[in-house]
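If you want the building blocks of each chain, they are given just below.
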Amino acid sequence: MSVLIQTEAMREIPAWAVLQRRLFDSIEMAWRQFSERYAEPDGRLRYRGRFEDRDGVDDLYEPFFNWPAFYSLGGSDDILAAAKHHWSGVTAQLTEAGMLTDDYENGYDWFHQGESLVLFYGLCAADPADPAFADRAARFAELYTDPAHGNYDPAHNIIRAPHNGARGALEGLGPAWRAYSADLVEMEPYGLPIHGLPGIERWEDLRSRHNAEAMGLALHHRAQGDTAVNLAATSLVANRWLYDGDAVASTWISRYVEGWHARARLNGGLIPDNVAPDGAVGGLHDGRWFGGHYGWTWPHGLHSVASATMIAGLNASLVNGDDTFLDVTRTVLDTVLEHAITAVPEQTPFSLSQFWRARYGEGFGQPALLVPHRHGADGWFDYGPMQLEFPLWLWWWTREDADRDRLDRVLAGMPAPAWDVQPFRDKMESGHDAPWLAFLNGDNPDYPVQALSMALGQVARRVAVMETERPDPGTLHLHYWQRVNPVVTEILSQLITGTPQTLYNGGLPFAALRYEDLDRGRAGLPQDVAALVTSLERGRIDVELVNLSATRTRRVLVQASRFDEHSVHHVVSHGEVDGDFPGASTAETSRPGEPTTAEADVDGAVRVSLPPTHRTRLTLMTSSSTERPHHQAAGARAVAATTTEQGNR
């Protein structure tokens, strides 16, 4: 069946399209400079410091976390090759340092493991035909699905320790915290890691050597059994499942996530954060449901717990097609919202204040909705803004009204300046969701131009740092490269694919729209083509495609979702008859300047051929796919996609 796709010749090139392609070009130059400046020829980072504890694996992978995402959006083949090269170089570097075993982290908490694995997941999604990464995906997942590796206890349905990985469940938290003293100044904002120890009621009490050793001993004793943040391990298993639908992987995800959900139901719906080795909630914490490692009490509370439950809920929903796996995250968010206050963030003590100064700009000094992030012996505490990513991802996944209502409540509590495009980029490269959502609602038409201009500025800033700073590899801070990474994808992901930034602590790289360059036979937008998602609803996505080339026709495949969770079943294309351009439609029923539309049923995806300096506006009607979600190699869908013809040439 042949489908007519209406296009129109452009009298004016949209500013957003020019800026989008300029951003692609700027990133292409900047990442090459980054590789040359900070990496050795074999791909490893230029670092002469020593690893003295379990920490640090994530810090060497994180500088490249979004490079595969840039490729999948339409970046060059070179950046995919570079991302693999750096992954291999860093893996060799960390193996030599004794931090990895068989390419995988020896063992650490999943808050940080999740950070280090975003690069790996992105590489698997960008090039699922690469057999080396497919093999690693299977091996890494088996560390958790196969109890023989020592991480998972099937009898109690738990991961056996907070620190886990290639060497199984590790004992304690490593040597660094044998004594947890007040000298750990970087940890002071987070307060006491365990509440209720005799004689230790405030941070200053840790200046006593006796108290510091008592806190360290308690930390190591309680570092066994499961913690809620381990739920992020489901991404490792789901990534393996996306290759071949492995039944062991899907069964493990469902059982492990349901185990935590059952504990939440016994706790009034709110997920606890700790499970003793015998399967009892609170078994190592005097019966308390809170207090586990990277849990509700310390260090980040909501920031880490909500992230882990959100990631696990998405993964379980992906493999089962059941959105009720997100109910635990809904309860987490609703619970802290029930205890919300309105106050000025700048005047309210909050452990993550530095995180919000850039996001809120001048709004940091204005009243805002603040929620408690942590729960300790005295109840809820540590009030700050809710990360918009959590209610946003809930709504984005389901597009349900109730999830939108929760999101709107959080949005309504934000100060006015937070709706502006603030000029910042943190290591997670997120935080510009409010103005983007306003654009999707039709209330912020300038967002694409403002956001792309901001992103270009962030690339330029990092190029300036690379050109002026000469850090010493022997004293370099492990976070330095994260701050200098010039690849920026948050705004491109929003505008091109209609997707928030990937959840940084281990989320899979989902997307509302996926593109293939039909002439190059690879993922991403073709050269010269810009895309703008203008509306995102349940069962409907509106997108505009622009070909900026003055001489070349570009062909692109458009489909719903990264992993084929959804498919396009109907398309409406919008163009305009323009008699001033050679080759314009001369249909007797159409006059120059009149809008034209064409619509048709399609089977999963849409091919679009854009003549030079033409554009089209598509309304894509989507539904759940009849196929199992899977990693998609370029060309697989293109063969089966509906062939398209061209209108208004």
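To start, this report covers the structure provided alongside it. Being a predicted model, the structure only gives us computed values, none of them experimental.

Conventions and cut-offs
- Residues numbered from 1 in each chain as written.
- Predicted model: local features only at pLDDT ≥ 70, side-chain atom pairs only at ≥ 80, totals over all residues.
- Heavy atoms only, no water.
- Helix = DSSP H or I, 4+ residues; strand = E, 2+ residues; numbered from the N terminus.
- Expected span 1.5 Å × (residues − 1).
- Buried < 20%, exposed > 50% of the residue type's maximum accessible area, 1.4 Å probe, protein only.
- Pairing = 2+ DSSP bridges.
- Contact = heavy atoms within 4.5 Å.
- Phe/Tyr/Trp six-rings, centres within 6.5 Å; stacked < 30°, edge-to-face > 60°.

Looking now at helix α9 (residues 247–266). For α9, spanning 20 residues, the distance from its first C-alpha to its last is 29 Å, which sits close to the expected 28 Å at 1.5 Å a residue. When we look at burial in α9, the residues that qualify are Ala249, Ser250, Trp252, Ile253, Ser254, Tyr256, Val257, Gly259, Trp260, His261, Arg263 and Ala264. Positioned one or two residues after α9, Gly268 has a phi angle of 75°, which is positive.

Attention now goes to the pairing of strand β12 (residues 513–517). In terms of residue burial, β12 counts as a mostly covered element, since five of its five residues are buried. Along β12, one buried face is formed by Leu513, Tyr515 and Asp517 and the opposite face, lined by Arg514 and Glu516, is buried too. One ladder, built from five bridges, connects β12 with strand β16 (residues 554–560); its direction is antiparallel. Bridging from a neighbouring strand, Glu516 pairs with Leu557 of β16. Judged from the two bridges that link them, β12 and strand β13 (residues 522–523) form a sheet pairing that is antiparallel. Its bridge partner being in β13, Asp517 is matched across the sheet by Arg522. Linking β12 to β13, which pair antiparallel, is a turn of four residues; within it Gly521 sits at a positive phi near 65°.

So, on to the environment of Ser624. Summarising the element assignment, Ser624 is placed in strand β19 (residues 614–624). The exposure class assigned to Ser624 is exposed, which follows from its relative accessible area of 55%. Along the backbone, Ser624 and His477 are 147 residues apart, and their C-alpha atoms lie at a distance of 46 Å. For Ser624, the residues in contact, after removing those within four places along its chain, are Glu565, His566 and Ser567.

The geometry of an aromatic ring pair is captured by the separation of the ring centres together with the interplanar angle, meaning the angle of the planes. Applying the stated rule across the entire model yields 38 aromatic pairs. Aromatic pair Phe65 and Tyr504: ring centres 5.1 Å apart, planes at 80°, arrangement edge-to-face. One end of the pair, Phe65, is in the loop between α2 (57–61) and α3 (67–73); the other, Tyr504, is in the loop between α18 (490–497) and β12, and 439 residues separate them in sequence. The burial state of Phe65 is the same as that of Tyr504; both residues are buried. On the basis of an interplanar angle of 45° and a centroid distance of 5.1 Å, the ring pair of Phe120 and Phe140 is categorised as tilted. Of this pair, Phe120 sits in helix α5 (residues 110–126) while Phe140 is found in helix α6 (residues 131–145), placing the two residues 20 residues apart along the sequence. A relative accessible area of 1% places Phe120 in the buried class. Residue classification places Phe140 among the buried positions, given a relative accessible area of 2%. Among the aromatic residues, those joined into a ring-pair cluster are Tyr61, Trp87, Tyr104, Phe120, Tyr121, Phe133 and Phe140.

Purely spatial values, then, with no claim about function.
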